[in-house]
Amino acid sequence: MSVEPQDQAALERVRNWFTEEGWTPFAFQEEAWNAYRRGESGLVHSATGTGKTYAVWLGALLEVLASPSPTPGLKALWITPLRALATDTVQALQRAAEALEVPWRVESRTGDTPPAIKARQRETLPEALVTTPESLSLMLSTPESNALLSGLRLVVVDEWHELLSTKRGVLTELALARLRAWNPDLRVWGVSATLGNLEEAAETLIGKPGTLIRGNLEKEIHIDCLLPERIERFPWAGHLGKTLLPQVVEAIESSASCLLFTNTRSQAEIWFQAILEARPDWKGQVEIHHGSLDREVRDAVERGLKTGRLRAVVCTSSLDLGVDFTPVDRVLQIGSPKGVSRLLQRAGRSGHRPGMPSRITCVPTFALELIDVAAVRDAALAGRVDRRPRLERPLDVLAQHLVTVAAGGGFQEREMLSEVRTARAYRDLTDAEWRWTLNFVTRGGESLRAYPEFQRVALAGDRYLIKNLDVAKRHRLGIGTIVSDATMEVRFAGGQRLGSVEESFVARLRPGDRFVFSGRPLEFVRARGMIATVRPAKRLQGAIPRWMGGRIPLSTELAHAVRLKLEEASGGELLGPEMQKMAPLLRIQAAWSAIPAADELLIERVQTREGHHLFFYPLEGRLVHEGLAALFAYRLAQVRPLTFSLACNDYGLELLSAGPAPLDEALERGLFSTRNLEEHIRGSLNAAEMARRQFREIARVAGLLFEGYPSQRKGAKQLQASSGLFYDVFRQYDPDHLLLRQADREVLERQLEHSRLFEALERLQRARLILTEPRRPTPLAFPMLIDRLRDSVSTESFAARVEKMTVMLEKEADQTTG
């Protein structure tokens, strides 16, 4: 493409500005600017902190500099997955526009935007707007949306890897399809880091193949690990606990500023409390940050990080993305990182600028997590990054979108169907599925057609519209796909809001009970409506609220990397400090049983006073193992009736029965077969009850459930009862209801990782089987025994029983190594 003089002049202005800032444009940034000027859409993929934002933003500014347009109105839309990132993004975009003297105003529109600004934006939008998928859908539900958005030139979807493979991502795809229909020359660009399936991600975003730009910059990443002084040969999950706390405190002290990432909010509360107990003089210098804390609390913590006031912040994935914390020079990961992308994303929070190294230190809470650390380092340095699969045709999201568009001026059927099919998620939408969804939003489907409240959309002439203003109002209040367990606000008696905890946790509290939240000791006063009132307690002791998140499994790539590390160990190679520290455990495992290679499946058959144990080690991650455990128990019981107790972790699964399991016969009959897999999974699990609970989310997204007005939110029990009623009615009177089928699919895929389970079985069929019969549970089996023991009833304390078992096994291990 020939370069016009005005284009060259504009480019020189950008380069001069970079020089003034002490920067030099990277090749991938200039490649993205040129692609934008050619009218292309695509995806920019580069490591965190390497300048992706300006790679996509400056293409639009260069175009304005070369050929200014006096036409007012919105020209660029920036979609961020977190509204918390909006403020920083606005500042970064506005900074570039002002420096280059581009007369563009940049604003945000999210759930945090004041009502007065939203009202003004309904009349006149700025030239650039930063928003979220939910706020964009809300804009599309207004009659003036076409007029306000028809002049768009650019849409940028930030952190696309976080939206891909989620219903929020599908909602974004549908919104982009609408914007492309209004603006055929619209350019859509995604920004992403730590993503494996780039071509698929780009096509999903754009609706067709697009330009893929890789920022192949050598981002220096240091991945190390805090090692315990000694390693137990028979470990159990959590046994290291906070024993590494002194080393964590030392790491914090040696850093200018650091982030301590945990995998759950409960773990964040525990470690925050432990650090302040160890160093009370750090009060005010160490803070906590997670998604259940009030927005004002989180904002204050983020400001403290940016200014360098805070020494450390204990956090969850709430700080994984986007926000630029330049003072942070080190990241600590408490527990297994669970995934390669997750580790790299968190590592990028330190050294968050081009040319600066990132450092992440892993803190194991369980001996086997040392193998995870060694494996994730190998995978990260080899560039083996996790894939994010896309979703296929979720009809609840489509139903919501059709009502949104009907509220925003309406649609004609043929045009809308063509538009929807330009979204990658609905490319293969069948005519039958389209007709069913249209019937669902207009008549409530076959089961609900007698109830006027479910006839949300009406046909007026050749156009589908919403005629009832109350229906439109209720729909706008429910726009979005984020559905979580019902939470209750936590407030002091004076009204100050602290955040929210799950309703099920509050239900167990009695007045006077104490618990720890936001690092504060609190006393429960009462629960009224969806508000839990508390008062400060004197002592920092009590229960820690537990939120969902503790069942995060190993990702596919990390599970593969773990198998490779164990293969090295099976051949006598202990590469890296973590594997060398694991030597005592691995020696006993090899002596008593075996260490499986990557192409092997180890099965251990052990008899104890409890009964007959079968331990399988597929090394596929917890969720796959949960599915496999139920499946194997079902298939074994088909050979000979038996009752099994099940346990599993990321490394394997245990089946315990009173009598010996017919393993040999089951293997001959195809224990690992993929034939009739779905039927056998349904037979092995209470799949109906799981689907019933999953249906609540689908019903909410599809618009069957109304959660109430902001001041009158419904509780979890009320919503579950309502969704359960719909579920039962559909099962009885409309068994082919497509939302029921979707609930069944989502249970299989999201809760049991059906696709991974299928692939695991195919791999196990090819694997070389190693069957051993140790006289006692091995080091790899011990953690599963303990996990099951936690749930059993005994007159002995849990810790005492574990100690007794460990002492006995250690004596035998000493005799073995003698």
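Numbering of residues starts from 1 in every chain and runs along the sequence as written. Given that this is a predicted model, residues contribute local features only at a pLDDT of at least 70 and side-chain atom pairs are listed and counted only at 80 or more, while totals for whole chains, interfaces and linings are drawn from all residues. The side-chain quantities take in all heavy atoms of the structure and omit both hydrogens and water.

K.L.:
How should I be thinking about the overall build of the chain in this particular structure?
P.N.:
Across its full length, the chain carries 32 helices and 25 strands. The atom set for the radius of gyration is the C-alpha atoms, and the globule formula is 2.2 Å times the number of residues raised to the power 0.38. Relative to its length of 818 residues, the chain is compact, with a C-alpha radius of gyration of 28 Å against a globular reference of 28 Å. Its C-alpha atoms give the chain principal-axis dimensions of about 85 × 65 × 60 Å. Between buried and exposed lies partly exposed: a residue is buried under 20% and exposed over 50% of the maximum accessible area for its type, with that area taken using a 1.4 Å probe on protein chains only. Counting every position in the chain, which comprises 818 residues, the buried fraction comes to 57%. Residue exposure ignores everything except the shown protein chains as possible cover, and the areas themselves are Shrake-Rupley values with a 1.4 Å probe. By element, 49% of the accessible surface of the chain is carried by carbon and sulfur atoms, the whole surface being about 34,200 Å². A distance of 5 Å separates the average location of the 107 positive side-chain charges in the chain from that of its 104 negative side-chain charges. Each helix corresponds to a stretch of at least 4 residues labelled H or I by DSSP, and each strand to a stretch of at least 2 residues labelled E; elements are numbered beginning at the N terminus. All tallies of charge rest on Lys and Arg as positive and Asp and Glu as negative; His and the ends of each chain are not included. In this description, the location of a charge corresponds to atom NZ of lysine, CZ of arginine, CG of aspartate or CD of glutamate.

K.L.:
How should the environment of D787 be read in this particular structure?
P.N.:
Mapped onto the elements, D787 comes out in helix α31 (residues 782-790). Taking the relative accessible area as the measure of exposure, D787 reaches 15% and is therefore buried. The spatial distance from the C-alpha of D787 to the C-alpha of T87 is 44 Å, given a sequence separation of 700 residues. Whether two residues touch is decided by their heavy atoms; if any such pair falls within 4.5 Å, the residues are in contact. Beyond its immediate chain neighbours, meaning those up to four positions away, D787 contacts A237, R622, C648 and N649.

K.L.:
I would appreciate a short explanation of the packing of aromatic side chains in the present structure.
P.N.:
Geometrically, a pair of aromatic rings is defined through the distance of the ring centres and the angle of the planes. In summary, the pairing rule links any two rings of Phe, Tyr or Trp, Trp by its six-membered ring, whose centres are within 6.5 Å, and it sorts them by plane angle into stacked for under 30 degrees, edge-to-face for over 60 and tilted for everything else. Considering all chains together, one arrives at 19 aromatic pairs under this definition. Residues W23 and Y54 carry aromatic rings whose centres are separated by 6.1 Å and whose planes lie at 40° to one another, so their mutual orientation is tilted. On the criterion of sequence distance, the pair formed by W23 in the loop between α1 (5-20) and α2 (27-37) and Y54 in helix α3 (residues 52-66) is long-range, its members being 31 residues apart. The exposure class of W23 is partly exposed, given its relative accessible area of 30%. In this structure, R474 packs its charged tip against the face of F706, placed 4.3 Å from the ring centre. Consider the ring centre and the ring normal. A charge sits over the ring if Lys NZ or Arg CZ is within 6 Å of that centre and within 35 degrees of that normal.

K.L.:
What is the right way to look at the nonpolar core in this model?
P.N.:
Nonpolar side chains in soluble globular proteins tend to be buried together. Residues enter a nonpolar core if they are buried and are Ala, Val, Leu, Ile, Met, Phe, Trp, Tyr or Cys, with the set joined through side-chain atoms within 4.5 Å. The biggest cluster of nonpolar side chains holds 64 residues, and the ones touching the most others in it are L259, V562 and M582. When residues of this core are assigned to their parent elements, the largest contribution, eight residues, is made by helix α15 (residues 369-381).

K.L.:
Any chance you could explain the sheet that holds strand β4 (residues 128-131) here in plain terms?
P.N.:
Working definition: the strands of a sheet are paired by backbone hydrogen bonds and lie parallel or antiparallel to each other. The strand order across the open sheet built from seven strands is β3-β4-β2-β5-β6-β1-β7, with neighbouring strands paired in parallel fashion. Looking at the sheet topology across the chains shown, the edges are occupied by β3 (106-109) and β7 (211-215). Direction aside, the axes of adjacent strands within the sheet are offset by 20° on average. In terms of strand pairing, strand β2 (residues 76-79) meets strand β5 (residues 154-157) through four bridges, oriented parallel. Looking at β5, one finds that L77 is bridged to V155. The strands touched by helix α5 (residues 115-123) are β3 and β4; relative to β3, the strand with the most contacts, the crossing angle is about 110°. Here, any two strands with at least 2 DSSP bridges between them count as paired. Note on geometry: axes are C-alpha line fits, over the in-contact stretch for helices, and angles between N-to-C directions span 0 to 180 degrees.

K.L.:
When you look at the pattern of salt bridges in this model, what are you seeing that I'm missing?
P.N.:
Two side chains bearing opposite charge may form a pair once their charged atoms approach each other closely. Any Lys or Arg side-chain nitrogen located within 4 Å of an Asp or Glu carboxyl oxygen qualifies as a salt bridge. One pass over the structure, following the stated rule, counts 51 salt bridges. Between D396 and K167 there is a salt bridge whose closest N-O contact spans 2.6 Å. Of this pair, D396 sits in helix α16 (residues 395-407) while K167 sits in helix α9 (residues 167-182), and the two are 229 residues apart along the sequence. The partner of R497 in a salt bridge is E489, and the shortest N-O contact between them spans 3.4 Å. Overall, E489 belongs to the partly exposed group, its relative accessible area being 24%. Taken together, the shared-partner salt bridges in this structure form one network comprising R37, E63, R153 and R187.

K.L.:
Please explain the side chain of K565 as it appears in this structure.
P.N.:
When you line up the elements, K565 lands in helix α21 (residues 556-570). Residue classification places K565 among the buried positions, given a relative accessible area of 3%. Reaching out from K565, the side chain makes a polar contact with the side chain of D378 at a distance of 3.0 Å. Definition of a polar contact: a pair of N or O atoms within 3.5 Å, with one able to donate and the other able to accept a hydrogen when the atoms are protein atoms, and with sequence-neighbouring residues admitted only if both atoms are side-chain atoms.

K.L.:
What's the story with the state of the cysteines in this structure? I'm lost.
P.N.:
What we call a disulfide is simply a covalent bond connecting the sulfur atoms of a pair of cysteines. Note on terminology: pairs of cysteine sulfur atoms within 2.5 Å are recorded as disulfides. Counted by the stated rule, this structure contains zero disulfides. No disulfide involves C258; its nearest neighbouring cysteine sulfur is the one of C315, lying 9.5 Å away. With a relative accessible area of 0%, C258 lands in the buried category.

K.L.:
Can you walk me through the packing of helix α24 (residues 622-639) against helix α26 (residues 677-684) in this structure?
P.N.:
For any two helices packed against each other, the geometry is given by the interaxial angle and the distance between the axes. Packing of α24 against α26 leaves a shortest axis separation of 9 Å and a crossing angle of 90°. Relative to α26, the element α24 lies roughly perpendicular. Across the interface between the two elements, A630, L631, Y634 and R635 of α24 pack against L677, H680, I681, G683 and S684 of α26. In terms of residue class, the contact of α24 with α26 is built from five nonpolar, three polar and one charged. Orientation labels follow simple angle bins: below 35 degrees gives roughly parallel, above 145 gives roughly antiparallel, 65 to 115 gives roughly perpendicular, and whatever is left gives oblique. In this count, Pro and Cys sit with the nonpolar residues alongside Ala, Val, Leu, Ile, Met, Phe, Trp and Tyr, while Asp, Glu, Lys and Arg are called charged and the others, Gly among them, polar.

K.L.:
Explanation requested: the sheet that holds strand β21 (residues 600-608) in the structure shown.
P.N.:
Ordered by their spatial adjacency, five strands build an open sheet running β23-β24-β22-β21-β25, and the pairing between neighbours is mixed. Two strands bound the open sheet, and with one partner strand each, they are β23 (644-648) and β25 (768-772). Strand after strand, the sheet turns through a mean of 15° between neighbouring axes, direction not considered. Bridging between β21 and β25 involves five bridges; their strand directions are parallel. Paired with L602 across the strands is I770, a residue of β25.

K.L.:
Help me out: how do you make sense of helix α6 (residues 133-140) in this one?
P.N.:
Because an α-helix completes one turn every 3.6 residues, residues spaced three or four positions apart along the sequence face the same direction. Across the eight residues of α6, seven count as buried, placing the element largely inside the fold. Restricting attention to buried positions, one finds in α6 the residues P133, E134, S135, L136, S137, M139 and L140.

K.L.:
Is there a simple way to explain the side chain of E173 in this structure?
P.N.:
Relative to the helices and strands, E173 is located in helix α9. Although E173 is buried, it makes no salt bridge; R180 carries the closest opposite charge, 6.9 Å away. Excluding residues that lie within four positions of it along the chain, E173 makes contacts with W160, R180, T204, A423, R424 and A425.

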